[in-house]
Amino acid sequence: MSTDPKALQRTEMIVKVRAGLMTATAAAEALGVSRKTYYKWEKKGLQAMLAAGQDEASGRPSKEESAEMRALRRKVKTLSAKLEHMAETADLRLMLRLLERRDAKKKPQESEQ
């Protein structure tokens, strides 16, 4: 994963300011922004660092399915079966109509003979 050099520079400046190694004014000047913009970036950066430091559940995620997921899987299975049945019914109706048309065309020819 490559990181944007400007983002790295902003992060470095934020760390230096927070460590007391440089002033916010100097960091803003180095970044080519106003102090107000620097402080906005600092706030966002610190919030992102805090969020990244939150404890996550250890180990692999549970493979146990929730009741909601099981219900959704059953619903999908039921609806898929119904859809397949409807498609088969539509195919049968189409075949029936085609046969009826064929038979309708044959009847006038048979009566002419």
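Located above this text is the structure these notes cover.
The rules we used
Residues numbered from 1 in each chain as written. Predicted model: local features only at pLDDT ≥ 70, side-chain atom pairs only at ≥ 80, totals over all residues. Heavy atoms only, no water. Helix = DSSP H or I, 4+ residues; strand = E, 2+ residues; numbered from the N terminus. Rg over C-alpha atoms; globule rule 2.2 N^0.38 Å. Contact = heavy atoms within 4.5 Å. Areas by Shrake-Rupley, 256 points an atom, 1.4 Å probe, with all protein chains shown as cover. Salt bridge = Lys/Arg side-chain N within 4 Å of Asp/Glu carboxyl O. Buried < 20%, exposed > 50% of the residue type's maximum accessible area, 1.4 Å probe, protein only.

Engineer: What exactly am I supposed to notice about the overall build of the protein here?
Structural biologist: A count of helices and strands for the protein gives four helices and zero strands. Listing the helices and strands of the protein from first to last along the sequence gives α-α-α-α. Against the 2.2 N^0.38 benchmark of 13 Å for 113 residues, the protein shows a C-alpha radius of gyration of 35 Å, more extended than a compact globule. Along the first, second and third principal axes, the C-alpha atoms of the protein reach 110 × 40 × 25 Å. Relative to all contacts within the protein whose residues are 6 or more apart in sequence, the contacts with residues 24 or more apart total 27%. Taken as a whole, the protein presents about 10400 Å² of accessible surface, with 56% of it coming from carbon and sulfur.

Engineer: Is there a simple way to explain the pattern of salt bridges in this structure?
Structural biologist: For side chains of opposite charge, pairing can occur when their charged atoms come near one another. According to the stated counting rule, one finds three salt bridges in the structure shown. Among the ionic pairs, R18 bridges to E42, the shortest N-O distance being 3.7 Å. Highlighted residues: R18 in helix α1 (residues 5-18) and E42 in helix α3 (residues 35-52), separated in sequence by 24 residues. Accessibility expressed as a relative area gives 7% for E42, which makes it buried.

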